[in-house]
Amino acid sequence: MRKRFILSIAILTNSNTVQSMSSVNNHSSKSATEERMNSPPAQTGDASAGEVDDDVVGDSNVVGGGAINEKPRYYRPTDNTTDSGSGFGKSSFDGWNPSSNLAHMLHALVGLERYPNYLGRFQYLSDIELLENALESRLSDVRRQRSEIIQRRKGIQQLVKRYTLSMTEFVGFNDDSPCALWRDHPILSPPQTWIELRDKKMLSDHAFRVAHLSTASMKKARNAKGDKSTKAGTSMSMRHESVALHPVRDIIDGKVQIHLRQSLLEEFVCQEMFDVYSFPLLTAEFCSLLRTTLRDLSTLAESDEFAHLQLGRRPIDLDTIGLGWITDLLFHMFIHPISRHLFATTEKLANHGGAVDNTAIESRILDWRQGYVAGYSAKPMERNGAQRNFLVPHTDDSEVTLNCCLGEESFVGGDVEFHGLRGTPEEGMLVGTARRPNVGTALLHSGRHLHSVSNVMSGDRYALIIWSRSWGNLRSSTCPCCWMNRRQDTTCICGKRWN
Ligand SMILES: O=C(O)CCC(=O)C(=O)O
Ligand SMILES: [Fe+2]
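Conventions and cut-offs
Residues numbered from 1 in each chain as written. Chains lettered and ligands numbered in written order. Predicted model: local features only at pLDDT ≥ 70, side-chain atom pairs only at ≥ 80, totals over all residues. Heavy atoms only, no water. Helix = DSSP H or I, 4+ residues; strand = E, 2+ residues; numbered from the N terminus. Buried < 20%, exposed > 50% of the residue type's maximum accessible area, 1.4 Å probe, protein only. Areas by Shrake-Rupley, 256 points an atom, 1.4 Å probe, with all protein chains shown as cover. Near = heavy atom within 4 Å. Polar contact = N/O pair within 3.5 Å; in protein donor to acceptor, adjacent residues only side chain to side chain. Nonpolar A, V, L, I, M, F, W, Y, C, P; charged D, E, K, R; others polar. Phe/Tyr/Trp six-rings, centres within 6.5 Å; stacked < 30°, edge-to-face > 60°. Pairing = 2+ DSSP bridges. Axes fitted to C-alpha atoms, helices over the stretch in contact; angles between N-to-C directions. Contact = heavy atoms within 4.5 Å. Salt bridge = Lys/Arg side-chain N within 4 Å of Asp/Glu carboxyl O. Core = buried A, V, L, I, M, F, W, Y, C linked by side-chain atoms within 4.5 Å. Parallel < 35°, antiparallel > 145°, perpendicular 65-115°, else oblique. Left-handed = near helix turned anticlockwise from the far one by under 90°.

### Focus: the overall build of the protein
- Scanning the protein from terminus to terminus reveals 13 helices and 15 strands.
- Considering the protein as a whole, with its 499 residues, one finds that 51% of them fall into the buried category.
- Accessible surface, the protein as shown: approximately 23,000 Å² in total, 53% of it carbon and sulfur.

### Comments concerning the site of ligand 1
- If you check the shell around ligand 1, you find 13 residues, and the closest are Tyr372, Tyr376, Asp396, Asn403 and Arg461.
- Between ligand 1 and the protein, one listed contact pairs an oxygen atom with a side-chain N or O atom of Tyr372 at 2.6 Å.
- Between ligand 1 and Asn403, the relevant distance is 2.7 Å, taken from an oxygen atom to a side-chain nitrogen or oxygen of the residue.
- Burial of ligand 1 by the protein amounts to 98% of the accessible area it has alone, namely 290 Å².
- When residues of the shell around ligand 1 are traced back to their parent elements, those giving at least two are strand S6 (368-377), strand S7 (391-394), strand S13 (449-453) and strand S15 (460-469).
- The element contributing the most residues to the shell around ligand 1 is S15, with four residues.
- Class assignment of the residues belonging to the shell around ligand 1 gives a composition of eight nonpolar, three polar and two charged.

### A short note on the packing of aromatic side chains
- Under the criterion given, the structure shown has nine aromatic pairs.
- Between Tyr115 and Tyr118, the ring centres sit 6.4 Å apart and the planes meet at 15 degrees, which makes this aromatic pair stacked.
- The exposure class of Tyr118 is buried, given its relative accessible area of 13%.
- Aromatic pair Tyr277 and Phe343: ring centres 5.7 Å apart, planes at 80 degrees, arrangement edge-to-face. Residue Tyr277 is found in strand S4 (residues 276-280), and its partner Phe343 is found in the loop between helix H11 (324-342) and helix H12 (358-362); the two are separated by 66 residues along the sequence. Neither Tyr277 nor Phe343 differs from the other in exposure class; each is buried.

### Remarks on the sheet that holds strand S11 (residues 432-434)
- Taken in spatial order, the four strands of this open sheet run S7-S13-S10-S11, and their pairing is antiparallel. At either end of the open sheet lies a strand with only one pairing partner, and these are S7 and S11. Here the average twist between neighbouring strands, direction ignored, is 20 degrees.

### Points about the pairing of S15
- Among the ten residues of S15, ten are classified as buried, and the element is accordingly described as predominantly covered.
- Side chains Asp460, Tyr462, Leu464, Ile466 and Ser468 of S15 all project onto a buried face; the interleaved residues Arg461, Ala463, Ile465, Trp467 and Arg469 project onto the opposite face, where all are buried too.
- Here ten bridges tie S6 to S15, and the two strands are oriented antiparallel to one another. When the bridges of S15 are listed, Ser377 appears paired with Asp460.
- In terms of strand pairing, strand S8 (residues 400-407) meets S15 through seven bridges, oriented antiparallel. Across the sheet, the residue bridging to Cys405 is Ala463, located in S15.

### Let's talk about the side chain of Ser398
- Along the chain, Ser398 falls in the loop between S7 and S8.
- Beyond its immediate stretch of four places on either side in the chain, Ser398 contacts Gly447, Arg448, Trp467, Ser468, Arg469, Arg475 and Trp483.

### So, the pattern of salt bridges
- Counted by the stated rule, this structure contains 18 salt bridges.
- The closest approach of N and O atoms between Glu148 and Arg144, which form a salt bridge, is 3.5 Å. With Glu148 and Arg144 both in helix H4 (residues 125-165), this residue pair falls four residues apart, about one helical turn.
- Asp397 is the partner of Arg475 in a salt bridge, and the nearest nitrogen-oxygen pair spans 2.8 Å. Here Arg475 is found in the loop between S15 and helix H13 (480-485), whereas its partner Asp397 is found in the loop between S7 and S8, with 78 residues between them in sequence.

### Re the nonpolar core
- With 66 residues, the main nonpolar core has Leu203, Leu281, Leu282, Leu330 and Phe334 as its most contacted residues.
- Ranked by residue count, the leading element in this core is H11, at ten residues.
- Residues within four places of Leu281 in sequence aside, it is in contact with Met202, Leu203, Ser204, Ala207, Leu330, Phe334, Leu402, Cys404, Gly440, Thr441 and Ala442.
- Of all hydrophobic cores here, the second largest spans nine residues; its members include Tyr372, Val453, Val456 and Ile465.

### Quick look at the packing of H4 against helix H10 (residues 284-301)
- Packing of H4 against H10 brings their axes to within 10 Å, and their N-to-C directions diverge by 115 degrees. By the criterion of interaxial angle, the relationship of H4 to H10 is roughly perpendicular. Along this stretch, H4 crosses H10, giving a crossing that reads as right-handed. Each of Leu159, Val160, Arg162 and Tyr163 in H4 lies in contact with H10, whose residues at this interface are Thr293, Asp296, Leu297, Leu300 and Ala301.
- Considering only residue class, the contact of H4 with H10 consists of six nonpolar, one polar and two charged.

What follows is the structure, given as structure tokens:
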């Protein structure tokens, strides 16, 4: 039975008591009452686990070997006998080596920020030179990646242009900007209005209704008031009302914020297990179109002209192929407004350490997004657009991740397994499994909830993944280490008291 949940309860759950397996298909999740017994997540001040890069995992014939970002990764709790760091005492007389030791580099950056004559304390000029070399090497990484990205994006745009021109259903375009690539496509062009969005049959009926009703009701309220709002009464209500007056294009562009109605959300979102929610987001037709398009692009990318781009050999980034509007729409319409409620406490997506207050609601808590499609197959080397057959346990570089099943209909395996939130006692333990959801159903979870994808045994599996971050809030007052371990104290070196 599908389980509804009460938003105010959902944000107070704790993984301590949710150890059972859960399935998206049969919705055998814990009841709201069981969840209510739980206390807030553990606050942690102590890192007890980490990701290390030195173990090659999986089949090395597969791009990435099951690893994320083509980088082998293996999650294991730290044990005292293993040196998971690198370089301490390796090259410098006094043990200082910022090139190979990330902690040294971070100390140096903080030192330079905090002390006027930080380097004056160093005994050896050669140690300062080591720092210079380390920083220069990072800078050259940045420059190299930047110019590679420029080249790659240009190449991919050429490829997409070739693809769209080859299609008969819609005519071409005149300018070269990424979003113009799909301008005349009946479905993959960005919608301007609610009617266009509805006619594309992109969102599930339920998702469209939740978003549209939320905004339409605001418009109605505005008309009923005869538009007599005074300046003093602004903030919340004015902002609410203004949303409905704007076309979908303004929402995609982030010019207005959507505030989903809580009563509609409670029917829409289902809690699958601790910290993992699901809702019917996209239609099967849209998923199929996206899948087929990406596979066609990957096939074209195998031709000699485009092979160097390796498109489809890595998860395909929607911005790069000119479909970033899909990411924007889902981010502004669903991820941001839903996350404000669900992750206010566990992910510190509210100000003042947890409570959802009005200030937090009004501020843009998540302000960055990246959307891509990951492809899996039992035989990834033989399938265009499939990169792997499984994915190792990892956390995402995101506050909140959306994972929407794009199908196909018939793959076997490929469950998403959750292994606990970082910084809680459950970290590293299997806390639940989201079995193959319906095509178009999205999971929403904390990026720092360890997760993996089990082996795809047969068929092809595609997932639309959107990572979202909070640069303006969470990440501006938390160092990467506190962030990674979800320490929710105010004494982090990047916190306000130090600035
Ligand atoms: O394919 C999936 O379901 C998960 C992918 C994922 O976790 C990731 O790309 O970070
Ligand atoms: Fe992930």
